[in-house]
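Overview (structure and organization)
Spelled out from the first residue to the last, the chains are:
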Amino acid sequence: MNPYRLPRAVAPSRYDIRLEPDLTTSTFTGVETVTVTVSEPVTDVWLNAVELTITAATIESDRGDQQPGTATAEPENERYRLTFPAPLTPGTWRLRLAFTGTLNDKLRGFYRSTYKDPAGVPRVLAATQFEATDARRAFPCWDEPDFKAVFASTLVIDPALTAVSNTSIVSERVENAKKVVAFADTIKMSTYLVAYVVGELDATAPVMVGRTPLRVWCVPGKKRLAAFGQEIGAASLEFFENYYGVPYPGDKLDLLAIPDFAAGAMENLGAITFRETALLVDEAEATHAELERVADVVAHENAHMWFGDLVTMSWWNGIWLNEAFATFMEMLAVDAWKPQWRRWTSFGVSRAAAFVVDGLHSTRPIEFPVNAPREADAMFDVLTYEKGASVLRMLEQFLGNEIFREGVRDYLRTHRLDNADTGDLWSALERASRQPIPDVMNGWIFNPGYPLVSVRREGDDLVLSQQPFKYLASQPSGSPQLWKIPVQLRVDANGKRDDRRVLLEQAEQRVKVPAGFTAALVNAGGHGFYRARYAPDLLEALVGRLNTLEPIERFNLVNDGWAAVMAGLMPLREYLGLTARLREERDRNVWSAILGSFAALNRVIAPAERPRLEALVRDRLAPAVTALGWTPRPGEDELTRQLRGDLVRALGTLGNDPATQARAAELYAAHEAKTAEVDANVLPALIAILAYVGDEPRYREFLERFRRATTPQEEQRYLYALAGFRQPALIDETLARTINGEIRTQDAPFVNRAMLMSVYSREQAWRFVKMNWDVMDGLYPKHGTRRMAEGVIGLATPELERDVNDFFTSRKIDLGGKTLSQYLEQLRIAVALGEREGRALPVSA
Ligand SMILES: [Zn+2]
């Protein structure tokens, strides 16, 4: 018997659950009746429960015979065995359980979250987070996604509090001085989607989307930050009902901001929970990036109401069916809502993040075997979300939007209220498109990695070839993997552009070029999940016509170029030459690729080279900052405003530009004195620069601002500013705050990660992390240490690398799945780059 899977002989169809949480003692009691179908005679019933005590168990047949059961815990496998005196015969039974548990502070299962009310008084609320396998911490259940059932929940609470769950309230009464709140039956769904939130909660008035009331909930005092989230909530819900052609499957939709929340958000049907930064925002005071984050996350979770909630993957190996689709649909919805945000261009940044991990030897296929809960948790990574979504986008563009949507609708109609796997999706898309989908797609889903498409000219032919892209060379082993690559090829000839599609299936294929050929672009439109590499003459031709390329195409050119440098396929000198041609660039995403590469370079160079890198950054950025100025022009778009903020920040920190730093101090002082207006997109840059050059009084000032922040975004800005000070004593102070309770455990691992990634704090941060690893592991939510450990990629010196490897080996630390080996390989790549290029930068200072 697989210790992580339950036997199938007994399956639930309905849970009647009554939970009574006590926020003062941080405990809860529960009783439930689970209607189960027994398909073969058994004396044992197995179900999941952990950190719960089952205090009573009985089972009753359809005919009313009752048997008492004995409950035996098997905590190592997170389950209970219920043993009954006589065999249970096939048929329907009702299992009654009573149990007790603790409201924990690990942000999973049924947990407590704390906050201060507007008067500064500490308050507690209780919330749940069940995905992937933590429903079993709140009530005993068959906690696997294909044991779908109907849930009828009742919460018994303090009369002063409010309770929210997946469905509408059907009755509310007072009983023994308690408020008893009963919720309507859910649709048939998986355990990981059940949700309960209990506390002093404020809600907006509902907006109606068709027949669905949609509200935003938050702790008291924050309702003024709910309008933007509610707006995108309504817009995306309407978009999805139209796109999917299937009505929203719930009876209401509540979006709830929870002060302590481990992930970004969770798609509980009808009761979506969020960390505050992902839902609450002051539209007038926020940057473009902060607003985009709220829009993305809200749209993403709404997309899940169908993809994930109505149709669910059969097991965690297929989690990409949920997450890749929700990510893809989030883009479609936000793009439809705000086309001026050009969301598919900024999606290039997400795709680039997937390229990084998927170019490792330690990558994994999108769909990958999963057994233990820890392995399920490790699946929530860039390969599932960003690579998955990129591959779907490539397929959508290959099939055409309409046909793709037809296939999606067919899939949802066919599998609604049920489970499905990748093959089911391919079948639906195949019916819609009459194309051999598995033949094209399986290589992208079931194999790791992605191809590098190289192009060169031979006479009248363009020669396209493919090979797996890897950052680190390896021994060639047998015949290399081949993908079926829908290459979108743009050929310029005689002043005309011709876009054509080539399905590159062989290691090498030839394409005739027309007379008058001048240039060729591989991956035109930028949707493909592959990198391109050009022969020198073809690259030169492209660079000579950068202004004819779309922003996403320029982004890919830069991003692929930098990857080639990291892989040792392009000299750094050549790449830096390319960035010199982009001084006139005004697209924020292209700049983010350039700035990202400079920041990475900063981490691998010898300290003596730093002034030369700073001079290079100033050389590349200063013309754009001068041209943009420090204040928005009338009629300027949001993306340009955000670009200004990004460039100013980089010039003042990475470029260490004294004039920018002085101007930042002046402007910030004027802003504080209310004598000048600073654009919302520039203000966070000023804060980051002032931390970078900041002394102790500034640190005290920012610490106070962090504590008194009035929006989640403001709190984050000052929090990360605390991580940006460079004086050793101040670095130590911030580090201490990551474990002393001053910084929420939802944020502390990310603060540590930022400090590991900074060349000024990384050594101190690494010593601190090593010394306090066990404390952190006990304190942070389950993803915490894994997320924090990603910061070791920044420890890019040979000495630190050795120490990192020693630490993880000697401590036998497992971060789940391939996570740790991916971090260590990325560190190896960075150190190798430093050894190759970081000792003498090919630039003059
Ligand atoms: Zn999701």
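Now for a look at the structure at hand.

Cut-offs used in this document
Residues numbered from 1 in each chain as written. Predicted model: local features only at pLDDT ≥ 70, side-chain atom pairs only at ≥ 80, totals over all residues. Heavy atoms only, no water. Pairing = 2+ DSSP bridges. Helix = DSSP H or I, 4+ residues; strand = E, 2+ residues; numbered from the N terminus. Salt bridge = Lys/Arg side-chain N within 4 Å of Asp/Glu carboxyl O. Buried < 20%, exposed > 50% of the residue type's maximum accessible area, 1.4 Å probe, protein only. Donors = N, O, S within 2.8 Å, 3.2 Å for Na, K, Ca; no water. Phe/Tyr/Trp six-rings, centres within 6.5 Å; stacked < 30°, edge-to-face > 60°. Lys NZ or Arg CZ within 6 Å of the ring centre and 35° of its normal. Axes fitted to C-alpha atoms, helices over the stretch in contact; angles between N-to-C directions. Arc of directions from axis to C-beta. Contact = heavy atoms within 4.5 Å. Parallel < 35°, antiparallel > 145°, perpendicular 65-115°, else oblique. Nonpolar A, V, L, I, M, F, W, Y, C, P; charged D, E, K, R; others polar. Left-handed = near helix turned anticlockwise from the far one by under 90°.

**Concerning the pairing of strand β1 (residues 10–22)**
For β1 and strand β2 (residues 27–38), the ladder comprises 12 bridges, and the chain directions are antiparallel. Its bridge partner lying in β2, Val10 is registered against Val38. Here β1 folds back onto β2 in antiparallel fashion, the turn holding four residues, of which Ser26 has a positive phi close to 55 degrees. Bridge count between β1 and strand β11 (residues 150–157): six bridges; the pairing is parallel. Paired with Ile17 across the two strands is Ser153, which belongs to β11.

**Describing the pattern of salt bridges**
Evaluation of the coordinates by the stated rule reveals 75 salt bridges. Among the ionic pairs, Arg393 bridges to Glu396, the shortest N-O distance being 2.6 Å. You can see Arg393 and its partner Glu396 sitting in helix α6 (residues 382–399), three residues apart, about one turn around the helix. One exposure class covers both Arg393 and Glu396, and it is buried. A salt bridge links Asp439 to Lys484, with the nearest nitrogen and oxygen atoms 3.2 Å apart.

**Here we look at the coordination of the zinc ion**
Taken together, His300 (NE2), His304 (NE2) and Glu323 (OE) make up the protein donors of the zinc ion, found 2.0 to 2.1 Å from the metal. Taken in sequence order, the residues that donate to the zinc ion follow the motif H-x3-H-x18-E. Of this pair, His300 and His304 both sit in helix α2 (residues 288–304), four residues apart, which is roughly one turn of that helix.

**A look at the packing of aromatic side chains**
Scanning all chains against the criterion turns up 43 aromatic pairs. Ring centres of Phe807 and Phe808 lie 5.3 Å apart, and the angle between their planes is 75 degrees; on these two criteria the pair is classed as edge-to-face. Look at Phe808 and you get buried, because its relative accessible area is 4%. In this arrangement the basic side chain of Lys338 is found over the ring face of Trp337, its NZ or CZ atom lying 4.7 Å from the centre.

**What about the sheet that holds β1?**
The strand order β5-β4-β8-β2-β1-β11-β14-β13 describes an open sheet built from eight strands, whose pairing is mixed. Each having just a single partner strand, β5 (66–68) and β13 (169–175) make up the two edges of the open sheet. For this sheet, the mean angle separating the axes of adjacent strands, direction not counted, is 15 degrees.

**Here's the deal with helix α20 (residues 728–737)**
If you check which residues of α20 are buried, you get Leu730, Ile731, Thr734, Leu735 and Arg737. Looking straight down α20, one finds its buried side chains confined to an arc of 160 degrees; they lie on one side. Along α20, the residues that are exposed and aim more than 90 degrees away from the buried face are Pro728 and Ala729. Elements that come into contact with the buried residues of α20 comprise α18 (696–708), α19 (712–722), α21 (748–757) and α22 (762–779).

**With respect to the pairing of strand β24 (residues 451–458)**
In this sheet, strand β25 (residues 461–468) lies alongside β24 in antiparallel orientation, the contact comprising eight bridges. When the bridges of β25 are listed, Val455 appears paired with Leu464. Hairpin geometry of β24 and β25 is characterised by an intervening segment of two residues between the two adjacent antiparallel strands and by a positive phi of about 60 degrees at Gly459. The pairing of β24 with strand β30 (residues 531–534) spans four bridges and is parallel. Looking at the pairing, Val453 lines up with Ala532 of β30.

**A word on the packing of helix α3 (residues 319–337) against helix α4 (residues 343–358)**
For the pair α3 and α4, the least separation of the axes is 9 Å and the interaxial angle reads 150 degrees. Regarding the angle of α3 to α4, the classification is roughly antiparallel. Contact residues: Thr327, Phe328, Glu330, Met331, Leu332, Val334 and Asp335 in α3; Arg343, Trp344 and Phe347 in α4. Taken together, the residues of the contact of α3 with α4 break down into six nonpolar, one polar and three charged.

**Thoughts on the packing of α4 against helix α11 (residues 551–566)**
It is the contact of α4 with α11, at a shortest axis distance of 9 Å, that shows an interaxial angle of 20 degrees. The orientation of α4 with respect to α11, classified from their angle, is roughly parallel. Along this stretch, α4 crosses α11, giving a crossing that reads as right-handed. Residues Trp344, Thr345, Gly348, Val349, Arg351, Ala352 and Phe355 of α4 lie in contact with α11, whose contacting residues are Pro551, Ile552, Phe555, Asn556 and Asn559. Of the residues belonging to the contact of α4 with α11, the class tally is seven nonpolar, four polar and one charged.

**Details of the environment of Pro247**
Tracing the sequence through the fold places Pro247 in the loop between α1 (227–244) and β19 (253–258). Of the residues examined, Pro247 reaches a relative accessible area of 52% and is grouped as exposed. Sequence separation between Pro247 and Val625 is 378 residues; the distance between their C-alpha atoms is 48 Å. If we skip the residues at most four places from it in the chain, Pro247 touches Arg211, Glu241 and Trp306.

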